[in-house]
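Results of the structural survey
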Amino acid sequence: MDNKYQYLQLGIQFGELVKATLGPKGMNKLVMHQSGPILTNDGATIIKNLKIDNPIGTMFRNLAESQEKAVGDGTTTSVLICAQLLENAINLLDKGMHRINIIKGYEMARHAAINYLDTTNTKPDKEQVMRTTFGSKISPKISDHLTKLILKANPENLRIYKQDNKDPMKSELINGFAFSGYTINDRVPNEATGRVAVLDLTTNMENAKMSVQTSEELEKVNKTFRRFKKSIVDKLQELDVKILFYTDTNPELESYLADAGIFSVVNYKRDELDNVCKATGATSISDPDIIDERHIGYAKAVYERDSRTIFVTDKRSKLKTLILKGSTKQVLDETERAVDDVLGVLRNLGPVVPGAGATEISLSLLLKKHAPKIGGKEQLAIEKFAEALEIIPLQLAKNCGLDATKILAGLKTLHEKGENVMGVDEIYEVSNALDRGVVEPIHLKKHAINSATDVANLILKLDDIYRGQDESE
Ligand code: ADP
Ligand code: MG
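Rules and cut-offs
- Residues numbered from 1 in each chain as written.
- Chains lettered and ligands numbered in written order.
- Predicted model: local features only at pLDDT ≥ 70, side-chain atom pairs only at ≥ 80, totals over all residues.
- Heavy atoms only, no water.
- Helix = DSSP H or I, 4+ residues; strand = E, 2+ residues; numbered from the N terminus.
- Buried < 20%, exposed > 50% of the residue type's maximum accessible area, 1.4 Å probe, protein only.
- Pairing = 2+ DSSP bridges.
- Core = buried A, V, L, I, M, F, W, Y, C linked by side-chain atoms within 4.5 Å.
- Contact = heavy atoms within 4.5 Å.
- Polar contact = N/O pair within 3.5 Å; in protein donor to acceptor, adjacent residues only side chain to side chain.
- Near = heavy atom within 4 Å.
- Areas by Shrake-Rupley, 256 points an atom, 1.4 Å probe, with all protein chains shown as cover.
- Nonpolar A, V, L, I, M, F, W, Y, C, P; charged D, E, K, R; others polar.
- Expected span 1.5 Å × (residues − 1).
- Phe/Tyr/Trp six-rings, centres within 6.5 Å; stacked < 30°, edge-to-face > 60°.
- Lys NZ or Arg CZ within 6 Å of the ring centre and 35° of its normal.

**Side note on unusual backbone geometry**
Phi is positive for aspartate 240, close to 60 degrees, though the residue is something other than glycine. Residue placement: aspartate 240 occurs in the loop between helix H9 (215-238) and strand S7 (241-246). A positive phi angle, close to 70 degrees, is found at glutamate 429, a residue other than glycine. Take glutamate 429: it is sitting in strand S15 (residues 429-432).

Take a look at the structure:
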């Protein structure tokens, strides 16, 4: 191998790739994916959709995905810190330090940083955290609107339905569920209110069909099915069902249903049917011989023809659905990712720390003070770890078009004087992040620092990569 830093440099490239997207003034990237272009500012989305063909890339993808899964936000931060740890490690290697000592120093620094975060403890203000998370991804006007809508829902019971070609400010929250679908028959009205049944006969029918051997037998079964279908519709009418969701496209059943004037929607997607049940209070019916009162729910169902959407609403619905509107599919997908980030953060909302780079500066100063107490070779590595954290305020300032070096120096001076909530401000250069409501969950920072350190140390430990044997070899 000609380059002894090859793996470290591969990792550093991932930092280069996402650094311009960090923060409120971050730029978007266009990832050309085989399923169509993806316009995004989200670190995890960029890395997830890249064509990656080396193990270092896979490690970075896992890093972004683990942050995304565990926290829902902070992916760019973790990637940037990891890349910077690698870059600073090269500097130490050049000075003749052994990888083992770097890893040891990085471990010590990580523990000191996490311990410090554990002692800070500011109560979260939901709205502020949500705004910071929405931060760079969507405009303040739209993020305000969505924040208000999301605050009215329980994140666990919130579904999202996207509609493009619509005004984002018209996004709304409904008591119920919406999905893409259509009613079976034009004879059925576009709207109905009343009792609901959900019929899922797929497994039942398939089992019956499998046991048929001869054509006479098949004819007999078909006849039974016909009678059986008529009897299902009779039964539904007896129970005064006005709205039906079911899993079988069959012209005869459809015509019976249309005759009966039942608002009927065919749907094969189990999770959507589950959500319909939650929205209406109905219980899915798998055996048509037992359809009774216990299975019946209640709702208003609307078929919106132009967008081919079915809305199912009721004030008692256990679900709410955010109808997310936007101009184009790409913009809408990015908005959905931002909403997902916000929901992820809300699910796990603990104490918060100031954002805008303030916490990274506090940690960095703390570690620099801590390093001499350790001494030895590790001291240098701890100092380099401390410097690596500065990438966050530095890059935030750069992305705001500010004189980043000057701002970083200014922030350090302020923090030294005890003003440890001062961070980068796109307008006033530096300001009190807490006062501005720029806050992030501690849990996010801890996870970002932990996973960044894990991956950096893993790459540092990597001596050489051997290609596994291909099956053809
Ligand atoms: P990540 O994927 O790491 O969440 P983002 O692009 O969302 O990356 O940027 C997050 C960073 O931007 C955090 O350090 C956060 O504190 C900072 N940030 C968010 N809003 C602001 C703001 N209004 N002013 C300054 N910094 C902000
Ligand atoms: Mg973010």
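The discussion continues.
**Digging into the pairing of strand S10 (residues 297-304)**
Of the two faces of S10, only the one carrying Gly297, Ala299, Ala301 and Tyr303 is buried; Tyr298, Lys300, Val302 and Glu304 on the other face are not. Bridging between S10 and strand S11 (residues 309-313) involves five bridges; their strand directions are antiparallel. Opposite glutamate 304, over in S11, you have threonine 309 as the bridge partner.

**Topic: the nonpolar core**
Phe60 and Ile459 are the most contacted members of the largest nonpolar core, which has 71 residues in total. At 10 residues, the largest contribution of residues to this core is made by helix H4 (residues 75-94). Not counting chain neighbours up to four residues away, the residues in contact with isoleucine 459 comprise Tyr7, Leu8, Ile56, Met59, Phe60, Leu86 and Arg99. In terms of nonpolar packing, the next biggest core, distinct from the first, is built from 22 residues, Val196, Phe245, Ala299 and Val312 among them.

**Section: the side chain of asparagine 54**
As for its placement among the helices and strands, asparagine 54 is situated in the loop between helix H2 (43-49) and helix H3 (55-70). A relative accessible area of 19% places asparagine 54 in the buried class. At a separation of 2.7 Å, a polar atom in the side chain of asparagine 54 contacts the main-chain amide nitrogen of glycine 57.

**A look at the site of ligand 1**
The immediate surroundings of ligand 1 are formed by 21 residues, with Gly23, Asp73, Thr76, Thr77 and Ala356 found nearest. Contact distances for ligand 1 include 2.9 Å between an oxygen atom and a backbone N or O atom of glycine 23. Look at ligand 1: alone it shows 570 Å² of surface, and the protein chains cover 94% of it. Elements represented by at least two residues in the shell around ligand 1 include exactly H4 and helix H15 (391-399). Here the shell around ligand 1 takes three residues from H4, the largest share from any one element. Residues that form the shell around ligand 1 fall into these classes: seven nonpolar, 10 polar and four charged.

**A look at H4**
Counted at 1.5 Å a residue, the expected span for H4 with its 20 residues is 28 Å, and the 29 Å between its end C-alpha atoms agrees. Counted residue by residue, H4 has 17 buried out of 20 residues, so it is predominantly covered. Following H4 by one or two positions, glycine 96 adopts a phi angle in the positive range, close to 95 degrees.

**Let's talk about the pairing of S11**
Of all the five residues making up S11, four are buried; the element is thus mostly covered by neighbouring parts of the structure. Examined bridge by bridge, strand S5 (residues 176-180) and S11 share five bridges and lie antiparallel to one another. Looking at S11, one finds that phenylalanine 177 is bridged to valine 312. What sits between the antiparallel neighbours S10 and S11 is a turn of four residues, in which arginine 308 has the positive phi angle 50 degrees.

**Section: H3**
Under the 1.5 Å per step criterion, the end-to-end length of H3 is 22 Å for 16 residues, consistent within 8% with the ideal 22 Å. Within the span of H3, buried status applies to Ile56, Gly57, Met59, Phe60, Arg61, Leu63, Ala64 and Gln67. Elements that come into contact with the buried residues of H3 comprise helix H1 (6-18), H2, H4 and helix H18 (442-461). Capping the start of H3 is the job of one residue whose side-chain oxygen sits 3.1 Å from the backbone nitrogen of isoleucine 56: asparagine 54. Remark: glycine 72 follows H3 within two positions and exhibits a positive phi of approximately 90 degrees.

**Regarding the packing of aromatic side chains**
Within a pair of aromatic rings, the relevant descriptors are the distance that separates the centres and the angle that separates the planes. For the structure shown, the criterion picks out four aromatic pairs. Ring plane angle 70 degrees and centroid distance 5.7 Å describe the contact between tyrosine 106 and phenylalanine 385, whose orientation is recorded as edge-to-face. In this pair, tyrosine 106 is assigned in helix H5 (residues 99-119) and phenylalanine 385 in helix H14 (residues 376-389), connecting sequence segments 279 residues apart. You'll find tyrosine 106 and phenylalanine 385 in the same group, each marked buried. The structure contains a cluster of three or more aromatic residues connected by ring pairs, namely Phe177, Phe179 and Phe245. The residue whose ring lies beneath arginine 308 is tyrosine 182, and the NZ or CZ to ring-centre distance is 4.3 Å.

Honestly, that's just the spatial picture; any functional story needs more than this.
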